[in-house]
Amino acid sequence: MIEHKGARIGLAICADLNHASHAAKAADCGAEIYAASALISTNGYAREAKMLEGYAREHGMAVMLANYATQSGDYIPPGGSAIWDESGHQVAIMDDTEVALVMATKTAENGWVGKVQAFSS
């Protein structure tokens, strides 16, 4: 758990995502954001993205996924870094394997507002 600008952030890596208890523990410790860095395969992406959406909705915390986007050995991940708000609504997602920064800002007026900044490779 870390704190940034007054927000408590629960950190996760690849293997943590498949354990619902990890997200639950972060929420129990007061996380407002669950931030995960992962290398999710093309075959597993839809299932794990659905899990992360569920964690957001179930625990009322924003969920952020930074997924690897380029080939690693024989392993080809789909990219798809994304952010879901506390209700499980996806506010930003990276297209396929483009090089990009996925961001979101929480405002009092509009809640989470997402943005993807693509970079030429």
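In this text, all values refer to a predicted model and were calculated from it rather than measured experimentally. (Residues numbered from 1 in each chain as written. Predicted model: local features only at pLDDT ≥ 70, side-chain atom pairs only at ≥ 80, totals over all residues. Heavy atoms only, no water.)

A. Highlighting a nonpolar patch on the surface. Judged by side-chain polarity, L39, Y68 and Y75 come together as a nonpolar surface patch covering roughly 260 Å² of accessible area. With respect to the helices and strands, Y68 occurs in the loop between β4 (62-67) and β5 (82-84). (Patch = residues over 30% accessible without salt bridge, like charges linked within 9 Å, V, L, I, M, F, W, Y side chains within 5 Å. Areas by Shrake-Rupley, 256 points an atom, 1.4 Å probe, with all protein chains shown as cover. Salt bridge = Lys/Arg side-chain N within 4 Å of Asp/Glu carboxyl O. Helix = DSSP H or I, 4+ residues; strand = E, 2+ residues; numbered from the N terminus.)

B. The packing of aromatic side chains, seen in detail. Enumeration according to the criterion identifies 1 aromatic pair in this entry. With a centroid separation of 6.2 Å and 80° between ring planes, the pair formed by Y34 and Y55 is classed as edge-to-face. Placement of the pair is Y34 in strand β3 (residues 33-38) and Y55 in helix α2 (residues 42-59), with a sequence separation of 21 residues. What makes Y34 buried here is its relative accessible area of 0%. (Phe/Tyr/Trp six-rings, centres within 6.5 Å; stacked < 30°, edge-to-face > 60°. Buried < 20%, exposed > 50% of the residue type's maximum accessible area, 1.4 Å probe, protein only.)

C. Representation of unusual backbone geometry. If you check the backbone angles, K5 has positive phi at about 50° while not being a glycine. Mapped onto the fold, K5 is located in the loop between β1 (2-4) and β2 (7-13).

Any functional reading would require information beyond the geometric quantities listed.
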